[in-house]
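Fold and geometry: a report
Residues per chain, in single letters:
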Amino acid sequence: MSRWLPHPFLTLFLLIVWIMLNGLSVAHFVLGSLIASGASRAMAVLQPAKPRLSRLDLIVRLFLDVLIDILRSNIALTGILLRGKRTARVSGFVSVPLELRDHNALAVLACIITSTPGTAWIEYQSANSSLLIHVLDLMDERQLIKLIKQRYEQPLMEIFA
């Protein structure tokens, strides 16, 4: 890590993405290099906290659980779309009380919930540690809260302990 290029892999990755999005030319290479190096320096100034991971065995289990849930949700969402208005569905907002406090774990939980089709992370209130999510096909609010707390929150609390 140098002062001018504190995160070289981040810089290279951002430059590659820039070129993939805009095409390869001298002008885009120069502009992408400037933007990528600026982002690298900004990241060094932010100095994000490095996560402390424990229970690495749970990472694999959580990853598989999330993949299964994404697959199930895709199948359910496809069924909803194919049936159209023939079946009544109720969408709504659900407030989930969380015990999770680690910022990195909350970011992972946000990715999990948002990557599952039919759900969206709307708001996290740190004052009372509650999460507001939107669910496209809400069947049982209590069951959904229980699922999020047991299937995602508990493993994340152990992983980021």
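Residues numbered from 1 in each chain as written. Predicted model: local features only at pLDDT ≥ 70, side-chain atom pairs only at ≥ 80, totals over all residues. Heavy atoms only, no water.

Here the focus is the nonpolar core. Val 94, Leu 109, Ile 133 and Leu 156 are the most contacted members of the largest nonpolar core, which totals 23 residues. Where this core is concerned, the elements lending two or more residues are helix H3 (56-83), strand E1 (92-97), helix H4 (103-115), strand E3 (130-135) and helix H5 (141-159). Per-element accounting of this core gives the leading share, six residues, to H5. The residues contacting Ile 133, other than those within four sequence positions of it, are Gly 92, Phe 93, Val 94, Ile 113, Ala 120, Trp 121, Ile 122, Leu 144 and Ile 148. (Core = buried A, V, L, I, M, F, W, Y, C linked by side-chain atoms within 4.5 Å. Buried < 20%, exposed > 50% of the residue type's maximum accessible area, 1.4 Å probe, protein only. Helix = DSSP H or I, 4+ residues; strand = E, 2+ residues; numbered from the N terminus. Contact = heavy atoms within 4.5 Å.)

Here we come to helix H2 (residues 26-46). Look at H2: 30 Å from first C-alpha to last across 21 residues, which is about the 30 Å you get at 1.5 Å a residue. Within the span of H2, buried status applies to Gly 32, Ala 36, Ser 37 and Ser 40. Taken end-on, H2 shows its buried residues confined to a sector of 130 degrees, consistent with a single buried face. Those residues of H2 that are exposed and angled more than 90 degrees off the buried face are Ala 27, Leu 34, Val 45 and Leu 46. Those residues of H2 that are buried lie in contact with helix H1 (8-22). One or two residues past the end of H2 sits Gln 47, with phi positive at roughly 45 degrees. (Expected span 1.5 Å × (residues − 1). Arc of directions from axis to C-beta.)

What follows deals with the environment of Leu 15. For Leu 15, the location among the structural elements is in helix H1. Of the residues examined, Leu 15 reaches a relative accessible area of 13% and is grouped as buried. With 75 residues separating them along the chain, Leu 15 and Val 90 place their C-alpha atoms 44 Å apart. Discounting residues that sit within four places of it in the chain, Leu 15 has contacts with Phe 29, Gly 32, Ser 33 and Ala 36.

Our focus in this paragraph is a nonpolar patch on the surface. A contiguous nonpolar surface patch, about 560 Å² in accessible area, is contributed by Leu 24, Val 26, Phe 29, Val 30 and Leu 34. In this fold, Phe 29 is placed in helix H2. (Patch = residues over 30% accessible without salt bridge, like charges linked within 9 Å, V, L, I, M, F, W, Y side chains within 5 Å. Areas by Shrake-Rupley, 256 points an atom, 1.4 Å probe, with all protein chains shown as cover. Salt bridge = Lys/Arg side-chain N within 4 Å of Asp/Glu carboxyl O.)

Bringing unusual backbone geometry into the picture now. Here the phi dihedral of Arg 55 falls at roughly 55 degrees; this positive angle occurs in a residue that is not glycine. Relative to the assigned elements, Arg 55 resides in the loop between H2 and H3. For Arg 55, a relative accessible area of 39% puts it in the partly exposed group.

These figures capture arrangement, not role.
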